[in-house]
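# A closer look at the structure
Take a look at the letters that make up each chain.
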Amino acid sequence: PIIIYATYVFKEKVRLSFNDVREKVAQLNAFVQEHISGMRIVQIFNAQDKEYKKFEKLNHEHFVANDKSVLYYSVFFPTVEVILALAISLLVWYGATQVMNNVATVGVFTSFILYLNMAFRPLRMLADKFNTLQMGIIASERVFKLLDTDEKIADNGNLSPKKINGNIEFRHVWFAYNQENYVLKDISFKVEAGKTLAIVGATGSGKSSTINILNRFYEINKGEILIDNVNAKEYKLSALRSYIGTVLQDVFLFSGSVYENISLKNPAITKEQVIEASKLVGAHNFIMELPGNYDYNVMERGATLSVGQRQLIAFIRVLVYDPQILILDEATSSVDTESENLIQNAIQKLVSGRTSIVIAHRLSTVQNADKIMVLDHGEIKEIGTHDELIQKENGYYKKLYDMQFQASEFV
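Let me sum up the structure you'll find in this document.

What counts and what doesn't
Throughout this document, residue positions are counted from 1 along each chain, in the order its sequence is written. Totals for whole chains, interfaces and linings use all residues, but because this is a predicted model, local features are given only for residues with pLDDT of at least 70 and pairs of side-chain atoms are given and counted only at 80 or more. Working from all heavy atoms in the structure, the side-chain values ignore hydrogens and water. Fitted lines through C-alpha atoms give the axes, limited to the stretch in contact for helices. The angle between two N-to-C directions lies from 0 to 180 degrees. Runs of H or I in DSSP of at least four residues are treated as helices and runs of E of at least two as strands, each being numbered from the N terminus. Any angle that is under 35 degrees is reported as roughly parallel, and any over 145 degrees as roughly antiparallel; angles of 65 to 115 degrees are reported as roughly perpendicular and all others as oblique. Here a crossing is called left-handed whenever its near helix is offset anticlockwise from the far helix by less than a right angle, and right-handed whenever the offset is clockwise. Contacts between residues were defined by any pair of non-hydrogen atoms, one from each residue, lying within 4.5 Å. Paired strands, in this sense, are two strands between which DSSP finds at least two bridges. Helix span is expected to be 1.5 Å times the residue number reduced by one. Relative accessibility thresholds used throughout: buried, under 20% of the residue-type maximum; exposed, over 50%; partly exposed, between the two (1.4 Å probe, protein chains only). Think of a polar contact as two N or O atoms within 3.5 Å of one another; within protein, one of them needs to be a possible hydrogen donor and the other a possible acceptor, and neighboring residues in sequence only count if both atoms come from side chains. Throughout this description, the term nonpolar core refers to a set of buried Ala, Val, Leu, Ile, Met, Phe, Trp, Tyr and Cys residues connected via side-chain atoms within 4.5 Å. Each Phe, Tyr or Trp ring (for Trp, its six-membered ring) is paired with any other whose centre lies within 6.5 Å, and the angle between the two planes then decides the class: stacked below 30 degrees, edge-to-face above 60, tilted in between. Two conditions define a charge located above a ring, namely a distance within 6 Å from the ring centre to NZ of Lys or CZ of Arg, and an angle within 35 degrees of the ring normal. The patch calculation keeps residues exceeding 30% relative accessible area without a salt bridge and links them within 9 Å when they carry like charges or within 5 Å when they are nonpolar (Val, Leu, Ile, Met, Phe, Trp, Tyr). Residue-level accessible areas treat just the shown protein chains as cover; the underlying method is Shrake-Rupley with a 1.4 Å probe. By definition here, a salt bridge exists when the distance from a side-chain nitrogen of Lys or Arg to a carboxyl oxygen of Asp or Glu is within 4 Å.

Another aspect to go through is the packing of helix α8 (residues 271-281) against helix α10 (residues 307-321). Two quantities define a packed helix pair, namely the angle between the axes and the distance from one axis to the other. It is at 9 Å that the axes of α8 and α10 come closest, and there the two elements cross at 125°. One finds that α8 runs oblique with respect to α10. Between α8 and α10 lies a crossing whose hand is right-handed. Here Q273, V274, A277, S278, L280 and V281 of α8 come into contact with α10, specifically with L312, I316, L319 and V320.

Printed below as a string of structure tokens:
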């Protein structure tokens, strides 16, 4: 009973200590990964010493957590040995008394001592294995917690037509990330199939949130989003996202060849299709100048390519997947003039015959859109063509246009 009680206390203490160890390991790994990825920023601002002190603090906390778990073992095992010694001493005292009173023989007395050692040896071994068991339990709890997480995006739709026309409609859509502060407020607009809608507005106005909820990366709080007059929730999630091609401002490229980054290792996309799409968007020449051409390794996140080249690869990727709806999120905001001209030509090829939503800060890139929607603090302030909006004396679009025009003149 004493050993059972000691083992129970030890189990609870070790469980808490191993949980602490796992948390410290996670914090340490996150810190190391983040600072290796952001090494340039740390060096540019000469913050090596300061960040190293942060690392030392995290590493020390990890050491303390491990030291605490070792302490519990250093207390538990001697406790078991002391209990064993006390048990043997009690047995010797009681057994010797029994032998002297001729109640038991020396053989029985000796066998009990041997039995006691045989009983305690497995207990010591089990306690030794308890270390590995507790670590496994703590690690599995973290894994099962992740596996048991409920999906927030319900995939209950059953529609998956091969093609859609591409009509988009938002009906009184409200959306908030934290259920309190709405970033989109009563948004209603239509985009007819094959037409282009440009969304402009200041940073934080809700432009990117609009495309996130169209892709159903988040669920809306109120309202409806319709694709071809059907609620987006009625489509299978995989089918819905296959209809929509998105080019983001920050293009993510995987470690691998140019061809693999365009096809995403989809066996249905041939190299001939990739080359044809590259020629169409004007990227074939620069790819052929790379060592290995389409087999050139772009490294992690496309580190060996310029921003404009990564952007062009993203356009090719969208083109070969042939979506009916195209979304361009700040596709030309971080590129030079020469790359911008190539990208503008690529955009014209991409939007042709597709329903398109273009988000841009540079108003010069959206003047030819069929409609321009101005967002401000999650609300629609104006919708119309460039010519219509520019005529409004105190309009939001005109103010934005005048500010950019004056800034470009100043430069």
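A word on the sheet that holds strand β4 (residues 222-227). Ordered in space as β2-β1-β4-β5, the four strands form an open sheet in which the pairing is antiparallel. Both edges of this open sheet fall to β2 (182-191) and β5 (230-231), since each of them pairs with a single strand only. Of the strand pairs in this sheet, β4 and β5 are connected by two bridges, and their pairing is antiparallel. Bridged to I227 within β5 is V230. Of the strands in this sheet, β1 (168-176), β2 and β4 touch helix α5 (residues 207-214), which is tilted by about 110° from β1.

Time to look at α10. Taking 1.5 Å per residue, 15 residues should reach 21 Å; α10 reaches 22 Å between its end C-alpha atoms and fits that length. Among the 15 residues in α10, 12 count as buried, and that is most of the element. Within the sequence span of α10, burial applies to G308, R310, Q311, L312, I313, A314, F315, I316, R317, V318, L319 and V320.

Our next topic: the environment of I168. If you trace the backbone, I168 turns up in strand β1. Sequence-wise, I168 and N229 are 61 residues apart; in three dimensions their C-alpha atoms are separated by 7.7 Å. Here I168 is in contact with F189, K190, V191, L214, L226, I227, I325, T355 and I357, once residues within four sequence places are set aside.

With that settled, consider the side chain of H62. With respect to the helices and strands, the residue H62 is situated in helix α3 (residues 48-100). A polar side-chain atom of H62 sits 2.9 Å from a polar atom in the side chain of N66.

Successive side chains on a regular strand alternate, one facing one side of the sheet and the next facing the other. Where burial is concerned, most of strand β3 (residues 196-201) is hidden: six out of the six residues are buried. Burial along β3 is two-sided: T196, A198 and V200 and L197, I199 and G201, pointing in opposite directions, are all buried. Relative to strand β8 (residues 355-359), β3 runs parallel, the two sharing four bridges. Across the sheet, residue A198 finds its bridge partner in β8, namely V358. In terms of strand pairing, β3 meets strand β9 (residues 371-376) through five bridges, oriented parallel. Among the inter-strand pairings, V200 is bridged to a residue of β9, identified as V374.

Right, let's talk about the nonpolar core for a bit. Residues V258, I316 and I372 are the most contacted members of the largest nonpolar core, which totals 41 residues. In terms of residue count, the dominant contributor to this core is α10 (eight residues). Every residue in contact with I316, bar those within four places of it in the chain, is listed here: I262, V274, A277, S278, V281, A283 and I287.

In this structure the tally under the stated criterion is nine aromatic pairs. Between the aromatic rings of F170 and F189, the centroid separation amounts to 4.5 Å while the plane-to-plane angle is 20°, which identifies the pairing as stacked. Highlighted residues: F170 in strand β1 and F189 in strand β2, separated in sequence by 19 residues. A cation over an aromatic ring shows up here: K222 above the ring of W174, its NZ or CZ 4.5 Å from the ring centre. Directly above the ring of Y396 sits K399, whose terminal nitrogen or CZ lies 6.0 Å from the centroid.

Taken together, the side chains of V108, F112, Y115 and M118 make up a nonpolar region of the molecular surface, amounting to roughly 420 Å² of accessible area. Within the fold, V108 resides in helix α4 (residues 106-147).

Before going further, it helps to examine the pattern of salt bridges. A complete count under the given rule lists nine salt bridges for this structure. Two residues, R171 and E169, come together in a salt bridge whose shortest N-O distance is 3.0 Å. On the accessibility criterion, R171 (36% relative accessible area) is partly exposed. Between D295 and K271 there is a salt bridge, with its nearest N and O atoms 3.5 Å apart. In this pair, D295 is assigned in the loop between α9 (284-288) and α10 and K271 in helix α8, connecting sequence segments 24 residues apart. Under the relative-accessibility criterion, K271 is labelled partly exposed at 31%.

With that out of the way, let us pick up the sheet that holds strand β6 (residues 244-247). The strand order β6-β7-β8-β3-β9-β10 describes an open sheet built from six strands, whose pairing is mixed. Looking along the sheet, the strands with just one partner apiece sit at the ends: β6 and β10 (379-384). Looking at each pair of strands side by side, their axes are set apart by 15° on average, direction ignored. Examined bridge by bridge, β9 and β10 share five bridges and lie antiparallel to one another. Note on β10: the bridge partner recorded for M373 is I383. Sitting on the sheet, α5 touches β3, β6, β7 (325-329), β8 and β9, and the angle it makes with β8 is about 145°. Its contacts with the sheet put α10 on β6 and β7, and the angle it makes with β6 is roughly 175°.

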